[in-house]
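# Summary of structural features
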Amino acid sequence: MRACVGLGGGYRLMSGGAEAKKAKFNFAPATEREKIVFGSCRPGYGDNETVNGVEMELVDEWVQFMHSQGVRRVLSLLGDDEILWYAGDIEGKMRDSFSAYTRVRMFEGDAKSQIEKALKDAQEAEEKIVVHCSGGGGRCGLALAVGHLSSEPDLGDEQVKNIIESY
């Protein structure tokens, strides 16, 4: 099971039983073989879910880490209410810091098509993309599964089960 814990630089507990290890910002590939699509918690993840509660220094730390991992694109699954948690212009920061930034409101319109497009564009450009919601498990895991299943529609039941269980 994967879980994001800690303030500022949250960690993902990677699946793998005894070999489990913590990953900064809950950052990990969508699947064990994935080279392009990754999941993460949001910039500044922590106990700061109030208007202007996330300082932009925490966002800068997240951006620097993503750059150090070779990430060029961001797919944000934050809702309009969650964007208000940032003390600065989070969307402007993402647009200025990455080659592509997309925000999809998971519970409005055709989120599935928007997610598939952002992930497909990253695959075609061969540029790493990080998908994030708040903690990096729920909406993020769902989006990663949607992307993986749309790119490999012939997965067997056991592979689908493994994807779902990892989030």
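A brief look at the structure comes next.

The rules behind the values
Residues numbered from 1 in each chain as written. Predicted model: local features only at pLDDT ≥ 70, side-chain atom pairs only at ≥ 80, totals over all residues. Heavy atoms only, no water. Helix = DSSP H or I, 4+ residues; strand = E, 2+ residues; numbered from the N terminus. Buried < 20%, exposed > 50% of the residue type's maximum accessible area, 1.4 Å probe, protein only. Contact = heavy atoms within 4.5 Å. Pairing = 2+ DSSP bridges. Phe/Tyr/Trp six-rings, centres within 6.5 Å; stacked < 30°, edge-to-face > 60°.

## A few points about the overall build of the protein
The secondary structure content of the protein amounts to six helices and eight strands. Ordered by position from N to C terminus, the α and β elements of the protein give β-β-β-β-β-α-β-α-α-β-α-β-α-α. Looking at the protein as a whole, 49% of its 167 residues qualify as buried. In the protein, of all internal contacts separated by at least 6 residues, the share reaching a separation of at least 24 is 67%.

## Let's talk about the pairing of strand E7 (residues 100-103)
Residues Tyr101 and Arg103 of E7 are buried on one face, while the alternating residues Ala100 and Thr102, pointing to the opposite face, are not. Relative to E7, strand E6 (residues 71-76) runs parallel, the two sharing four bridges. Residue pairing in the sheet places arginine 73 in a bridge with alanine 100 of E7.

## Digging into the packing of aromatic side chains
Geometry of an aromatic ring pair is reported as the spacing of the ring centres plus the angle between the planes. The final tally for this structure, using the stated rule, is four aromatic pairs. Look at phenylalanine 27 and phenylalanine 38: their rings are 4.9 Å apart centre to centre, the planes differ by 5°, and that puts the pair in the stacked class. Here phenylalanine 27 is found in the loop between strand E3 (22-24) and strand E4 (28-29), whereas its partner phenylalanine 38 is found in strand E5 (residues 37-40), with 11 residues between them in sequence. The two residues phenylalanine 27 and phenylalanine 38 agree in class, both being buried. For the ring pair phenylalanine 27 and phenylalanine 65, a centre distance of 5.6 Å and an interplane angle of 85° mean the geometry is edge-to-face. In this pair, phenylalanine 27 is assigned in the loop between E3 and E4 and phenylalanine 65 in helix H1 (residues 56-68), connecting sequence segments 38 residues apart. Given the relative accessible area of 15%, phenylalanine 65 is considered buried. A connected cluster of aromatic rings, assembled from ring pairs, spans Phe25, Phe27, Phe38 and Phe65.

## Here's the deal with unusual backbone geometry
What is expected of a backbone is that most residues other than glycine have negative phi and most peptide bonds are trans. A positive phi angle, close to 60°, is found at phenylalanine 25, a residue other than glycine. Positionally, phenylalanine 25 belongs in the loop between E3 and E4. One non-glycine residue, asparagine 26, lies in the positive phi region at around 60°. Structurally, asparagine 26 can be placed in the loop between E3 and E4. Judged by relative accessible area, asparagine 26 falls into the buried class, the value being 1%.

## Section: the pairing of E5
Side chains Val37 and Gly39 project from E5 onto one buried face, and the interleaved Phe38 and Ser40 project onto a second face that is buried too. As paired strands, E4 and E5 are joined by two bridges and run antiparallel to one another. From the neighbouring strand, proline 29 faces E5, where its bridge partner is phenylalanine 38. Pairing of E5 with strand E8 (residues 128-132) involves four bridges; the strand directions are parallel. Counted as the bridge partner of serine 40 is histidine 132 from E8.

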